[in-house]
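# A structural walkthrough
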Amino acid sequence: MAAVLSTSGDGSGGGGDALTLDFISGLTNEEKLLIIVGSAGAVLLIVLLVVCLVGEVCPLHTVLYKDERSLGSRPGSLSSSRNLGNSRSQSRDDLDTPRPAKKRPERTGLLDGLSLQSRGRDSTYSSMSDSGRHSPTPTLASFRSAPLSGSSESVLERSGAGQLNFSLQYQTNGDRQIGKLHINVQEARDLPSRDYVGTCDPFVRVTLLREKRSLRGSRSSVVCEFLTRTLRHTRSPSFNQTFSAEIVKPDLKDCALKLTVFDEDRYGSATEMGSVTQPLRVLKKLITSEAIQTVSEDIRPSSKTYGELLFGLSYLPTAQRLTLTISRGSALMTSRVTEDIQQFCPYVRAFLLSGSGRLIKKKKTAAKPAGASPIFDETVVFDLPFAQLEVVTVLVCVFHRPPEVAHNSNGASGDPGDDPPEGRQPPSRRELCVGKVAVGRHVRGDAAVTHWISMMQSPRRTVSQWHCLR
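Worth saying up front: this structure is predicted, and the values here are computed from it rather than measured. (Residues numbered from 1 in each chain as written. Predicted model: local features only at pLDDT ≥ 70, side-chain atom pairs only at ≥ 80, totals over all residues. Heavy atoms only, no water.)

## Here's the deal with the overall build of the protein
A count of helices and strands for the protein gives eight helices and 18 strands. Intrachain contacts of the protein at a sequence separation of at least 6 include 72% that bridge at least 24 residues. Carbon and sulfur atoms make up 53% of the accessible area of the protein, which amounts to about 27,400 Å² in all. (Helix = DSSP H or I, 4+ residues; strand = E, 2+ residues; numbered from the N terminus. Contact = heavy atoms within 4.5 Å. Areas by Shrake-Rupley, 256 points an atom, 1.4 Å probe, with all protein chains shown as cover.)

## Structural notes on the nonpolar core
Of all hydrophobic cores here, the largest spans 46 residues; its most connected members are Phe-311, Leu-322, Leu-324 and Trp-452. Of all elements in the fold, only β11 (308-316), β12 (321-330), β13 (346-353), β15 (375-383), β16 (393-400), β17 (432-440) and α8 (446-456) reach the threshold of two or more residues within this core. Apart from residues lying up to four places away in sequence, Leu-322 is in contact with Ser-314, Tyr-315, Leu-352, Val-380, Val-381, Phe-382, Leu-384, Val-394, Trp-452 and Met-455. Counting residues in each nonpolar core, the second largest holds 33 residues, with Leu-168, Ile-183, Cys-200 and Val-206 among its members. (Core = buried A, V, L, I, M, F, W, Y, C linked by side-chain atoms within 4.5 Å. Buried < 20%, exposed > 50% of the residue type's maximum accessible area, 1.4 Å probe, protein only.)

## A word on the state of the cysteines
A full pass over the atoms with the stated rule returns zero disulfides. Cys-255 supplies the cysteine sulfur nearest to Cys-224, a cysteine that is in no disulfide, at a spacing of 8.7 Å. (Disulfide = S-S within 2.5 Å.)

## Some thoughts on a nonpolar patch on the surface
On the surface, a cluster of nonpolar side chains totalling about 240 Å² of accessible area is made up of Val-43, Val-47 and Val-51. In this fold, Val-47 is placed in helix α3 (residues 29-54). (Patch = residues over 30% accessible without salt bridge, like charges linked within 9 Å, V, L, I, M, F, W, Y side chains within 5 Å. Salt bridge = Lys/Arg side-chain N within 4 Å of Asp/Glu carboxyl O.)

## Topic: the pattern of salt bridges
Under the criterion given, the structure shown has 10 salt bridges. The salt bridge partner of Arg-189 is Glu-187, with a shortest N-O separation of 2.9 Å. Judged by relative accessible area, which is 23%, Glu-187 ranks as partly exposed. The salt bridge partner of Glu-390 is Arg-441, with a shortest N-O separation of 3.0 Å. Taken as a pair, Glu-390 in the loop between β15 and β16 and Arg-441 in the loop between β17 and α8 lie far apart in primary sequence, 51 residues in all. In this structure Glu-390 comes out as partly exposed when scored by relative accessible area, which is 29%. Connected through salt bridges with shared partners, the residues Arg-194, Asp-201, Arg-232, Asp-263 and Glu-264 form a single ionic network.

## Section: the environment of Leu-280
Within the secondary structure, Leu-280 sits in the loop between β8 (271-279) and α7 (284-288). Taking the C-alpha atoms as reference, Leu-280 lies 7.1 Å from Leu-257; in sequence the two are 23 residues apart. In this structure Leu-280 touches Leu-168, Leu-181, Leu-208, Leu-252, Cys-255, Ala-256, Leu-257 and Leu-286, once residues within four positions along its chain are discounted.

## Comments concerning the packing of aromatic side chains
For the coordinates displayed, the defined rule picks out four aromatic pairs. Between the aromatic rings of Tyr-347 and Phe-399, the centroid separation amounts to 5.7 Å while the plane-to-plane angle is 20°, which identifies the pairing as stacked. Here Tyr-347 is found in strand β13, whereas its partner Phe-399 is found in strand β16, with 52 residues between them in sequence. Between the NZ or CZ atom of Arg-401 and the centre of the ring of Tyr-347, over which it lies, the distance is 4.5 Å. (Phe/Tyr/Trp six-rings, centres within 6.5 Å; stacked < 30°, edge-to-face > 60°. Lys NZ or Arg CZ within 6 Å of the ring centre and 35° of its normal.)

## As for the pairing of strand β6 (residues 238-248)
Sheet faces and side chains relate simply in a regular strand, where the side chains alternate between the two faces. Here β6 shows a buried face lined by Phe-239, Gln-241, Phe-243, Ala-245 and Ile-247 and an unburied face lined by Ser-238, Asn-240, Thr-242, Ser-244, Glu-246 and Val-248. Across nine bridges, the pairing between strand β3 (residues 178-189) and β6 is antiparallel. The residue bridging Glu-187 from the neighbouring strand is Ser-238, located in β6. (Pairing = 2+ DSSP bridges.)

## What about the sheet that holds β16?
If you trace the four strands from one edge of the open sheet to the other, you get β14-β13-β16-β17, paired in antiparallel fashion. Both outer strands of the open sheet, β14 (359-364) and β17, are each paired with one neighbouring strand and no more. Across the sheet, the axes of successive neighbouring strands diverge by a mean angle of 20°, strand direction being ignored. As paired elements, β13 and β16 share eight bridges and run antiparallel to each other. Directly across from Ala-350, in β16, lies its bridge partner Val-396. In the packing of α8 onto the sheet, the strands contacted are β16 and β17, and the crossing angle to β17 comes to about 55°. (Axes fitted to C-alpha atoms, helices over the stretch in contact; angles between N-to-C directions.)

## A look at the confidence of the model for the protein
Residue-level pLDDT values for the protein average 75, and 66% of them are 70 or greater. For the stretch residues 67-140, pLDDT sits under 50, and the model shows 68 contacts to residues farther than four places along the chain or on other chains. Across residues 143-158, confidence stays below pLDDT 50; counting only partners more than four residues off in sequence or on other chains, it has 37 contacts. (pLDDT = per-residue confidence, 0-100.)

## Some details on the environment of Arg-470
Counting through the fold element by element, Arg-470 comes out in the segment after β18 (461-468). Judged by its relative accessible area of 28%, Arg-470 is partly exposed. If we ignore the near neighbours within four places in the chain, the residues touching Arg-470 are Asp-195, Ser-269, Thr-271, Glu-272, Ser-302, Lys-304, Tyr-306, Gly-435 and Lys-436. Within polar-contact distance, the side chain of Arg-470 engages the backbone oxygen of Glu-272 at 3.4 Å. (Polar contact = N/O pair within 3.5 Å; in protein donor to acceptor, adjacent residues only side chain to side chain.)

## A closer look at the pairing of β8
Most of β8 is tucked away: seven of the nine residues are buried. In this sheet, β8 lies alongside strand β7 (residues 255-263) in antiparallel orientation, the contact comprising eight bridges. Paired with Thr-260 across the strands is Ser-275, a residue of β8. As paired strands, β8 and strand β10 (residues 300-301) are joined by two bridges and run antiparallel to one another. Bridging from a neighbouring strand, Gly-274 pairs with Pro-301 of β10.

## Focus on the sheet that holds strand β2 (residues 163-172)
Read across the open sheet, the four strands follow the order β6-β3-β2-β9; overall the sheet is antiparallel. Sheet topology places β6 and β9 (293-298) at the edges, where each strand pairs with a single neighbour. Here the strands of the sheet are splayed against their neighbours by 20° on average, with no regard to which way each runs. Strand direction decides the pairing type here: β2 and β9, joined by six bridges, are antiparallel.

In structure tokens:
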């Protein structure tokens, strides 16, 4: 002990270290291990306390803050009064400062990835009736909460247009230079359904083309053209029709066969679903032998459009009335119905169809001479119960009526918005259809479905949009 005291009092500054070393050297191995374990336990306890106080993982955190949360949730607590004061001050600030425009949430399901065909044009929204806009009727609430999910098969465009099977055979008689090309249209499979109903009425137009080459380039001319019969209510028609064309054998290598599949629509013009083009020079055995050449080709979908039409849709729940406001057309394909644009006399027919395609009601506008971009500015109204709004389809067709054709069988003009009397004949064959578009909840086409759902979610308001005519 005297040695230790003398060492600590020499003032050299190393007395503390010497005491520590002497203390440690005097401990047994069991005492050293106990000190190490105790120190580690103390550090671990401190870490656990910090985690429980900061994070919500530890159950101790819930116990510590349970009373504080229950106190803050009481109506008269200090924290609730602070929140109330903050909300009041925030509401006052909102009145003083302009509120930024709210972004509409992205829709999922039916409208996910849908793009309007009129992306470059702004849709027009105008109020139809300001009175009673906020009337809390059950029908109005069901409109605003209309679900966006639906059958994706009825909305999404198909990637293809089916398959077409046909056969070719070239036969010669006594003269080896002149023969007949036999074209047999066998069948089509998996054709796309009509936009507004789950079936179609297909027929095939067979066109034999001859390509002429010159220094100016190459152009095709029609050698002959045939039409098959129309088969009703089928997407896999079996035609089995044969057509023959007389052609010189050396000209076969310059010819091509084009088969175009159409859907015959009783309400408007035939819709081109797709086509198959087969150059005859590819079929080597067709020229060298008289064997039958069977061909099976995928139908290339058609992307033809015949102009655009701007119209608006609105529904008045209290009166159960659907209003179609036809505004104007743009770049209508007048050459489809008349050679002289000065004689172009367009008007619009609107057909209200059931879910099965049955005609419920039809309306029309007045016919007036106009150019390729006519202005209609007319409205047609359909009485439609709310329960049928989910299943009906509106088919809008642009027709051409020559000025000399009378408005009805008696020669009187009448009211163009009224339905024709019973027993009235369908539109004259001279009244050709320029194009048509169908809108509804379950039609095929992104823009048509988007327009209809926008109308359903905005009752008493006219939602206008451009549509491509087919």
